[in-house]
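Tertiary structure, described
Each chain is listed here by its residues.
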Amino acid sequence: MELKFLDYQYFSNNINFTIKDDAITGIIGSDKEKLVDIIKLRKNYKGKIIFNNEEIGKENITFYKKKITVIKEELEYSYYTNTIYELMKNEIKRKRISLKNPEKKMLDSLKIVSLNIDLNRSIYSLSTSEKKHLQIAISLLSNPDILIIEEPFKDFDIKNEKKIILLLQKIKEQYKKTIIFVSDDSTMLYKYTNNIIIFRNKKIIVEGPTTEVFKRVDFLKRNKIEIPKIVEFTYLAKKNKFIKLDYHKDIRDIIKDIYKHV
């Protein structure tokens, strides 16, 4: 679902941005959590918000809020919750999700994320990767349109990172979910997102296609945004060695360029 904020009043700033439904959007910057609050409409607002071609107003704001869910950096559960079933049941109760067959919904959500485990399994026995899969499954219980994922691959090795990104891409394409990554990991955002929004000092300093935004190395440095290593390599090669290189996300494409032009 596409989401547009038009002339949104945030302190003394006018904010305009779009979360596209056919892309994975990344949010980075010192005030990134505040932009998440804006997207979730946690405060009263002035401006126009368009959700899937429909303007959000007071009469449908509650419905809109239910269409967005945030997946935290780590799986959240209490010491009184021992099993996957208890955790998912608590989530259904907390969000007041109306279901005819809650257990079937739980199993269906686990199946979507390819987590073939018993509902009575202890949460404490899960691996880091399984916990992330479970977080995604829990988020699907309310059938949201937009998934906001904080630090999606933190502490993951390459193998598990690839598993999660493939899963999220499947959810985006097969189940028509809009995906947003929130992180300070510029290398990860450069690698996996299509569009990027940098939110700093209570305003959007830049928004656009990820590759185009990260090409602006001097601008990003001035605004204290970490430069992905693959971008910095290309930038320095072009600036200091005058090598004709394009900006790529895959090191193999850079190697091809080097063979071609050097």
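Please read all numbers here as calculations on a predicted model, not as lab measurements.

A separate point is the sheet that holds strand β8 (residues 178-182). If you trace the six strands from one edge of the open sheet to the other, you get β6-β7-β8-β3-β9-β10, paired in mixed fashion. For this open sheet the edge positions go to β6 (68-71) and β10 (203-209), each flanked by a neighbour on one side alone. Along the sheet, successive strands turn relative to each other by an average axial angle of 20°, direction set aside. Contacts between helix α6 (residues 158-174) and the sheet are confined to β3 (24-28), β7 (146-150) and β8, with β8 contributing the most and set at about 145° to the helix.

Another point: α6. Counted at 1.5 Å a residue, the expected span for α6 with its 17 residues is 24 Å, and the 24 Å between its end C-alpha atoms agrees. Regarding α6, the residues found buried are N160, E161, I164, I165, L167, L168, I171 and K172. The arc that holds the buried residues of α6, viewed along the axis, is 160°, so those residues lie on one side. For α6, the exposed residues set more than 90 degrees away from the buried face come down to K159, L166, E173 and Q174. For α6, the secondary structure elements touched by its buried residues are β3, α4 (102-112), α5 (128-139), β7, β8 and α7 (186-192). K176 sits one or two residues past α6 and shows a positive phi near 55°.

Once that is clear, we can look at α4. Of all the positions in α4, only M106, S109, L110 and I112 are classed as buried. Projected down its long axis, α4 shows its buried positions confined to an angular sector of 160°, all on one face. Along its buried surface, α4 packs onto α3 (84-94), α5 and α6. Just downstream of α4 lies S114, where phi reads positive at about 60°.

The subject of this paragraph is the sheet that holds strand β2 (residues 13-19). If you trace the four strands from one edge of the open sheet to the other, you get β2-β1-β4-β5, paired in antiparallel fashion. Taken across any chain shown, the strands that pair with only one partner, and hence form the sheet edges, are β2 and β5 (54-55). Bridge analysis of strand β1 (residues 3-10) against β2 gives six bridges, and the strand direction is antiparallel. Bridged to K4 within β2 is T18. Lying on the sheet, helix α1 (residues 32-39) is in contact with β1 and β2; it crosses β1 at an angle near 110°.

The subject of this paragraph is the side chain of T69. Along the chain, T69 falls in strand β6. A polar contact of 2.9 Å, which involves the side chain of T69, links it to the side chain of K95. Setting aside anything within four residues of it in sequence, one finds T69 in contact with K95, S139, P144, I146, L147 and I148.

This part is about the pattern of salt bridges. Under the definition given, this model contains 15 salt bridges. Residue D184 is joined to K32 by a salt bridge in which the shortest nitrogen-to-oxygen separation is 2.9 Å. Of this pair, D184 sits in the loop between β8 and α7 while K32 sits in helix α1; the two residues are 152 residues apart in sequence, bridging distant segments of the chain. Note on D184: relative accessible area 41%, which makes it partly exposed. A salt bridge links E91 to R94, with the shortest nitrogen-to-oxygen separation between them at 3.1 Å. One end of the pair, E91, and the other, R94, are both in helix α3, three residues apart, so they sit about a helical turn from each other. Residue class for R94 comes out exposed when judged on its relative accessible area of 57%. If you follow the salt bridges from partner to partner, you end up with K32, E33 and D184 in one network.

This next bit is on the environment of R252. Examined against the element boundaries, R252 turns out to sit in helix α11 (residues 251-261). Each C-alpha atom of the pair R252 and S139 lies 35 Å from the other, and the pair is 113 residues apart in sequence. At a separation of 2.7 Å, a polar atom in the side chain of R252 contacts the side chain of D250.

Cut-offs used in this document
- Residues numbered from 1 in each chain as written.
- Predicted model: local features only at pLDDT ≥ 70, side-chain atom pairs only at ≥ 80, totals over all residues.
- Heavy atoms only, no water.
- Pairing = 2+ DSSP bridges.
- Helix = DSSP H or I, 4+ residues; strand = E, 2+ residues; numbered from the N terminus.
- Axes fitted to C-alpha atoms, helices over the stretch in contact; angles between N-to-C directions.
- Contact = heavy atoms within 4.5 Å.
- Expected span 1.5 Å × (residues − 1).
- Buried < 20%, exposed > 50% of the residue type's maximum accessible area, 1.4 Å probe, protein only.
- Arc of directions from axis to C-beta.
- Polar contact = N/O pair within 3.5 Å; in protein donor to acceptor, adjacent residues only side chain to side chain.
- Salt bridge = Lys/Arg side-chain N within 4 Å of Asp/Glu carboxyl O.

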